[in-house]
Structure formats: structure tokens, C-alpha cells
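# Structural overview for review
Here is what each chain is made of, one letter per residue.
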Amino acid sequence: MAVLETDGGDLVAEVIVEVGEDHYTALAVDAWESGFVSSAAEAPVITGVVEVREGRFERLVLVGGRQVWEPQPAVRATPGWLSAAAAGGALVTVVPPGTWPVDLGVLPPEHRAEVFEDSLTAARESGEVLQSVAAVELA
């Protein structure tokens, strides 16, 4: 989960979803059927919902409510992310397996964000990333 700042200074809540090879195809199909587009295009608003309970991202509901993806364990949202999400939903970014660098945990903390952003940028530029804007249900 991240908070992005637009060129206009607005804050956008983002959920970055990466699953293993065994689940990726099904998730990508569900995302595509829900209206996600390649990251090369502007992210459309879809009927998907990011469900946040007690400050934790618990579920992503897709395909008109028929498909669900749940992070294990649920991910705690920061106050900044919750504030940005309440103002405008969440940019949901589905990335292919291997986008998250496997050695990220051994890097010095001051370099982790940069290394991950480089990997994410490469995935976006390759056209392998799917994105949309989903409503956020806070409870």
C-alpha cells in the first residue's frame, strides 16, 4: 500500500497486488473482466471494491462482486493511506510475479523504496501491469 502525489498535488491511495505464478493468471483475468487496463492507459473507475476493516486491507472484490482476492495476512493501512482513500478511492495496481525484488529485505532501509520503484516502473513500461480505480469500503 502506498500514497502517491499527483502533479497537481493531490494524494492518491494505491494498493499494489502481486501474487505467485499459480494465482496470477486467474487474478489477471478477474481484473481484466472488471475493467482494469494496461498501465499505459489512464486507470478507469470500476465497480471493484477495496474492503478495509479496522484499518487493515482485507479484500479486493472484483467482477461485479463474484471474485475476491484476500492478502494473507491482512495489510495494515497507514493513516495517510486511509485519508487519501476516503477522499478518492484507491488506485489498484496488479503486477506480474517477480515485480517485488526478492532481495529487498536485505537492502538498507533508505534504498528499499527506490529499488522497488525501479522494478515497478520497469513492469509498467513493459505493459504487464493492470490498473483501475476502485471504491474503498472503510469499516
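Anyway, here's the lowdown on the structure attached to this text. Computed from a predicted model, the values in this text were never measured in an experiment.

## Points about the pattern of salt bridges
- Under the criterion given, the structure shown has six salt bridges.
- With its nearest N and O atoms 3.7 Å apart, the salt bridge here joins glutamate 51 to arginine 53.
- Residue classification places glutamate 51 among the buried positions, given a relative accessible area of 12%.
- When salt bridges that share partners are traced, they join Glu51, Arg53, Arg59, Glu70 and Glu137 into one network.

## With respect to the pairing of strand 1 (residues 2-5)
- With four bridges connecting them, strand 1 and strand 2 (residues 11-18) associate as antiparallel partners. When the sheet's bridge partners are listed, alanine 2 is paired in strand 2 with glutamate 14.
- Adjacent in sequence and paired antiparallel, strand 1 and strand 2 are bridged by five residues, among which glycine 9 carries a positive phi angle near 90 degrees.

## Observations concerning the nonpolar core
- The biggest cluster of nonpolar side chains holds 27 residues, and the ones touching the most others in it are Val17, Phe36, Val50, Trp81 and Val94.
- Mapped by element, the contributors of at least two residues to this core are strand 2, helix 1 (21-34), strand 4 (45-53), strand 5 (56-62), helix 2 (79-88), strand 8 (90-95) and strand 9 (130-138).
- Discounting chain neighbours no more than four positions away, the residues touching valine 50 are Val15, Phe57, Arg59, Leu60, Trp81, Ala90, Val92, Ala134, Ala135, Val136 and Glu137.
- Counting residues in hydrophobic clusters, the runner-up holds six residues, among them Leu104, Phe116, Leu120 and Ala123.

## Structural notes on helix 1
- Its 14 residues give helix 1 an end-to-end C-alpha distance of 20 Å, which sits within 8% of 20 Å, the value for a rise of 1.5 Å per residue.
- Taken together, the buried positions of helix 1 are Tyr24, Leu27, Ala28, Asp30, Ala31 and Ser34. End-on, the buried residues of helix 1 take up no more than an arc of 165 degrees, which puts them together on one face. With respect to the buried face of helix 1, the exposed residues turned more than 90 degrees away are Asp22, Thr25, Trp32 and Glu33.
- If you follow the buried residues of helix 1, they end up packed against strand 2, strand 4, strand 5, strand 6 (67-69), strand 8 and strand 9.

Each value, and the rule that gives it
Residues numbered from 1 in each chain as written. Predicted model: local features only at pLDDT ≥ 70, side-chain atom pairs only at ≥ 80, totals over all residues. Heavy atoms only, no water. Salt bridge = Lys/Arg side-chain N within 4 Å of Asp/Glu carboxyl O. Buried < 20%, exposed > 50% of the residue type's maximum accessible area, 1.4 Å probe, protein only. Pairing = 2+ DSSP bridges. Helix = DSSP H or I, 4+ residues; strand = E, 2+ residues; numbered from the N terminus. Core = buried A, V, L, I, M, F, W, Y, C linked by side-chain atoms within 4.5 Å. Contact = heavy atoms within 4.5 Å. Expected span 1.5 Å × (residues − 1). Arc of directions from axis to C-beta.

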